[in-house]
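Structural overview
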Amino acid sequence: MHAPLTADARVVIVGASLACLTAAETLRTSGFTGTITVLGDEPYLPYDRPPLSKQVLTGVADTTTTQLPHAEDLDVDWHLGQAATSLDTDAKQVLLQNGERVGYDRLLIATGRRSRPWPVTAEAALDGVFVLRTADDAAAIRERLTDATRRVLVIGGGLTGGEIASSCSSLRIPVTVVDRGPAPMAKLFGTAIGEMMRALHDEHDVDLRTGTGVTAMLGDDGGRLTAAQLTDGSTIDVDVAVVAIGALPNNEWLAGSGVTSDGEGVLCDAAQHALSADGQPVLDVFVAGDIARHPNPLAGPGVWTSEHWGAAVGQAETAAWNMARGTDTPHQEVPVFWTTQFGQVLKAAGEPAIADTAQITQGSLGARSAVVTFGRDGRLVAAVAVNQSKWLPYYLAQIKAGAAFPLEDPTVDPAADTRLSAAR
Ligand SMILES: Cc1cc2nc3c(=O)[nH]c(=O)nc-3n(C[C@H](O)[C@H](O)[C@H](O)COP(=O)(O)OP(=O)(O)OC[C@H]3O[C@@H](n4cnc5c(N)ncnc54)[C@H](O)[C@@H]3O)c2cc1C
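Residues numbered from 1 in each chain as written. Predicted model: local features only at pLDDT ≥ 70, side-chain atom pairs only at ≥ 80, totals over all residues. Heavy atoms only, no water.

Bringing the environment of Gln-362 into the picture now. For Gln-362, the position within the fold is in strand E26 (residues 357-364). Between the alpha carbons of Gln-362 and Val-372 there is a distance of 7.2 Å; along the sequence they are ten residues apart. Once residues lying within four places of it in the same chain are set aside, the contact partners of Gln-362 are Ser-369, Ala-370, Val-371, Trp-391, Tyr-395, Thr-411, Asp-413, Pro-414 and Ala-415. Here Tyr-395 takes part through its side chain, which lies 2.6 Å from a polar atom of the side chain of Gln-362. (Helix = DSSP H or I, 4+ residues; strand = E, 2+ residues; numbered from the N terminus. Contact = heavy atoms within 4.5 Å. Polar contact = N/O pair within 3.5 Å; in protein donor to acceptor, adjacent residues only side chain to side chain.)

If you want it as structure tokens, here you go:
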């Protein structure tokens, strides 16, 4: 328990994106009338990232239409286009790139993640090699997706990689996906859904190469990407490559602050308080969104990162309510997230990535209409609905209730094959 926010308190939020906007809105909903200052390194008001790999790449939307809506009377002091470079928790100040110091009574760290860059710097610098995290990234890739594009190489077959491949395919641009794993998205959703995704790639003429990596990207004399050499011994002609090999936390600015990070993000407790080096909550500093390493009741001991839209929203709400009221209410929401690829909607509840066992409980993956449930240590920890989103609330309730795995309740359209399989 700590002091609730007073009417003249100063709240500072670092990182101007989804978690930030949610926290600011929640603070105002709670009745907080003090100042909210947002420090963001991008020059834009908070915008939505999920459309970047989908509607923006396909040209259905552009980056001017993906701004997250917010109330006109939110009354936020936006400082955009300036990165925070350090945090002084004793003086309660954030230092900005331009030397300015911004004082706070409560701080929310919401600096999210950035794309993991291609590890060979000279290759990453080739004209035509991209990552996809920001609106500027999406606009730059979109500009290169034209009738003249010979082939796009997507490095990484995870959620983002699959969405990029799907977007290219819908534009009828030849695309190759390489992934070191056994099937697309297998790391997250397991091999059964992974094999369904493989079939979808095939049906959409995507050149999918699993168990394969990139050994080199080659450029011409002008530094423009021309080809890529793969671990299967082949060389493919490409003029665009999108590196989609995961993300890194934006936590360097917190070095020496007393707020603790591990290699994957900033540690926090269930109430979203940042933790000090000795594991104690730093009561006036909160963490939310993709940057947060939080306890996960589904996964047992340890800390986890939930890099999903719904988790960022839920954590930001918890942080803001605790900040406003001086409470330590734990964040216990089960994450729900989604992906759309090749015309299919996959919606997930829980944490499939932590599961040890999987079971198809409804429908059929071959028919692209199914629910796959995931268990860990005999407990239901996740469900993924393939074009069956209407069923997700049922499974979500089961996950929240701590249901045993495999589920005992018969469902209305049980799968033909309900054998248990390894999750991965
Ligand atoms: C292409 C793409 C597609 C996605 N699709 C889906 C989807 O379909 N479904 C889903 O559930 N999720 C999806 N996500 C994930 C979702 O968008 C994220 O979980 C969400 O954006 C996290 O919000 P956040 O506010 O925590 O962090 P972020 O959105 O990462 O924002 C952090 C902000 O902080 C800024 N920042 C960093 N360092 C500093 C600093 N030192 N000073 C000031 N500002 C700083 C960053 O530039 C950024 O603006 C997608 C993400 C991407 C990139």
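We note that the domain assignment places domain 1 (10-114 + 248-325), domain 2 (119-245) and domain 3 (343-419) within the protein. The centre of domain 2, based on its C-alpha atoms, is set 30 Å off from the matching centre of domain 3. Facing eleven residues of domain 2, the contacting portion of domain 3 comprises eleven residues. Buried area between domain 2 and domain 3, both sides added, is near 910 Å², and the carbon and sulfur share of it is 77%. Broken down residue by residue, the surface that domain 2 buries against domain 3 is led by Phe-189, Ile-193 and Met-196, which jointly contribute 54%. At the surface where domain 2 touches domain 3, the tally comes to one salt bridge. The partner of Arg-368 in a salt bridge is Glu-203, with the nearest N and O atoms 2.8 Å apart. Looking at the side of domain 2 that touches domain 3 residue by residue, the classes come out as nine nonpolar, no polar and two charged. (Domains from an automatic or database assignment. Buried area = accessible area lost by both parts, 1.4 Å probe. Salt bridge = Lys/Arg side-chain N within 4 Å of Asp/Glu carboxyl O. Nonpolar A, V, L, I, M, F, W, Y, C, P; charged D, E, K, R; others polar.)

Let us now look at the sheet that holds strand E23 (residues 300-304). Spatially, the four strands line up as an open sheet ordered E18-E19-E22-E23, and their pairing is mixed. Looking at which strands have only one partner, the edges of the open sheet turn out to be strand E18 (261-262) and E23. Relative to strand E22 (residues 292-296), strand E19 (residues 265-267) is paired through two bridges, and the arrangement is parallel. Within the sheet, the bridge partner assigned to Val-266 lies in E22 and is Ala-292. (Pairing = 2+ DSSP bridges.)

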